[in-house]
Structure formats: C-alpha cells, structure tokens
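Reading the structure
Spelled out from the first residue to the last, the chains are:
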Amino acid sequence: SSWALRSAPSIPGEQDADVSQIMDLSSHMAADGALQWTAPPGTWEVLRIGYTDTRKHLTDAAGTPLGLPLDAMSAHAFDDYWQQFITPLLDAARPYIDTSLRYLVTDSWEAGGTNWTGGFREEFERRRGYDPLPYLPIVTGRILTSRQVSNRFLFDLRRTVADLIAQNYYDRFAEHAAKVGLGTHAEAGGPHGAPIDALRNFRSESFPQTEYWVVSGTHRVTDQQRFFVKEAASAAHIYGKTFVAAEGPTSMAPDAWSES
C-alpha cells in the first residue's frame, strides 16, 4: 500500500552531514557521562546515543501491570523465559503431551517497536556487511550523505531487526517445542504494525495463525487495517502448510460481549 511505502523526493543540500564526517566519541566519554573532547574547527553537533527498555509494559485484561515484554531479538532472553516459565508448565502437563496437548501458541505481537539489543552492532555487521555505528544519527531523523543512503540504512536496520526476531523468537519457539514433542502456531504476522517480517516468521510454525475482526466503527475500521489474514494464507502457500488458523471474531466494540 502507498501509505506503508511512502517516500519523498530528495532536496539538494538537505543532508545534515556526510557519513564520512561522523566521529565516534565513545573513547572520550567518562563513566559518569562527561565528555572530554576538543572539537576540530567548524560547527559540530554532538549526539549521545544509547539504548534502554522500551516504554511498553504488558498488562492483563484488568490492566494490571505485568512487567516488560520479552526481548524477541535475543536468543538468551528467550531461553531464560522458556526455562523459567514454560518448562514448569510443561512438566505439569507432561501426561497430556501428544494427546490433548499437541501445540503451543504465542499470541499477536503487542510489544510495540524495538530496534536494538545486546550484540546488535555485531549482528548487523555480520548480516549487512558494514558497521552501523556511523549511520546511527539517521535514526534520530538526520539525513546522512543523501536521502537514498539514509533510507537504505533504515531498510538494513529494519531487515536486521526482523531477521533476529524470526530466528531468535519464532524459530527458537518452534525448536524448543519440538524437543518436547509439540508443534507451534503463532500469530506471527502482527496484527499491529510491528518490526517484523511476517512471512519469514511463519516459516517454522506447524501452521500459520492470524486474526480477524468483527466489523466495527471503533476498532480497525478501514480495509487497510485488516490485511493481516492474507499474510498467513500467503505463508501457507509459500511453505506448503496444510492449515491456516485464525483467532476471531475479535472486537473492541462496547457491545462485543453480545456477539454470537
């Protein structure tokens, strides 16, 4: 859709700097954050860039805070989650595995955005072939070298995030489940706008799962907000999956309880 792939033409001289002009001042910063640096002649802008937890917190249906979502780019985070939370449940459910319990499910992506994790710089360089560090001002809205160069970096950044989520969350989920004799189905295509490659996420699932909504005047009102069902159907064709599942009919309408 044009709304998702919008682009604007370049304007001569609009770039903030050339990538070759970017300097890494990390070695000039003390542990307390103080910068000790003598700037060369000219006008310089100093950016301090780091990463932290997102502002997204999980809640239950009553709105009770449940803490931070899992770092889906981190294999270590997933393994820790599996060991602490899933393994005890599977131990209790062992008599039912491969009888009434055959699959594990992970629900729709509702963790908001993500763009960095431990070791991300090295993963980016290994997968994309260059160091992302000099390009990071682009993430703050600056244009480096040209709009084309900046957009290409943002594409590479998003591609790397999506690759890591597919490998370290959805693929890993299926691998862990298979070790205990279970399949998986995941709402791996959203439904919200997310830093993912839905088709790649579905590759490891026993069958792709999506979600569809009751026609509503208050939630996902327009057709362009309802295209996620197509992703799971496409994934089934691409990967030769026999079945597609869907959660539904979901609704956020005030009278949703009365739907039959």
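Just so you know, the residues in each chain are numbered from 1, in the order the chain's sequence is written. Residues qualify for local features only when their pLDDT is at least 70, as the model is predicted, and side-chain atom pairs are given and counted only at 80 or more; totals for whole chains, interfaces and linings, by contrast, use all residues. Hydrogens and waters are ignored; side-chain quantities use all the structure's heavy atoms.

Here's the deal with the overall build of the protein chain
Helical segments are the DSSP runs of H or I of at least four residues, strand segments are the runs of E of at least two, and each set is numbered from the N terminus. Per the secondary structure count, the protein chain includes five helices and six strands. Ordered by position from the N terminus, the helices and strands of the protein chain form the series β-β-α-β-α-α-β-α-β-α-β. Partly exposed residues are those whose accessible area sits between 20% and 50% of the maximum for their type, while under 20% is buried and over 50% is exposed, using a 1.4 Å probe and protein chains only. Burial status across the protein chain gives 33% buried among its 260 residues. Throughout, a contact is declared for two residues whenever any of their heavy atoms are within 4.5 Å. Long-range pairs, those at least 24 residues apart, make up 65% of the contacts in the protein chain between residues at least 6 apart in sequence. Accessible areas in this description were obtained via Shrake-Rupley with a 1.4 Å probe; residue shielding takes into account the shown protein chains only. Carbon and sulfur atoms provide 53% of the accessible area of the protein chain, an area that totals close to 16300 Å². His is not counted, nor are the chain ends; Lys and Arg add positive charge and Asp and Glu add negative charge. All charge positions are set by atom: Lys at NZ, Arg at CZ, Asp at CG, Glu at CD. In the protein chain, 23 positive and 32 negative side-chain charges are present, and the distance between their average locations comes to 4 Å.

Side note on the packing of helix H2 (residues 120-128) against helix H3 (residues 147-179)
An axis is simply a line fitted to the C-alpha atoms; with a helix, the fit covers only the stretch in contact. Between two such axes, the angle follows the N-to-C directions and lies from 0 to 180 degrees. Where H2 contacts H3, the two axes come as close as 10 Å, and the packing angle between them is 105 degrees. It follows from the interaxial angle that H2 and H3 lie roughly perpendicular. Note on element contacts: H3 touches H2 through Phe153, Asp156, Leu157, Arg159, Thr160, Val161, Asp163, Leu164 and Gln167, opposite Phe120, Glu123, Phe124, Arg127 and Arg128. Under this scheme an angle from 65 to 115 degrees is roughly perpendicular, one under 35 degrees roughly parallel, and one over 145 degrees roughly antiparallel; angles in between are oblique.

Things to note about the environment of valine 161
Mapped onto the elements of the fold, valine 161 is located in helix H3. In this structure valine 161 comes out as buried when scored by relative accessible area, which is 2%. Separated by 36 residues in the primary sequence, valine 161 and aspartate 197 have C-alpha atoms spaced 9.1 Å apart. If sequence neighbours within four positions are ignored, valine 161 has contacts with Met73, Thr114, Asn115, Phe120 and Pro195.

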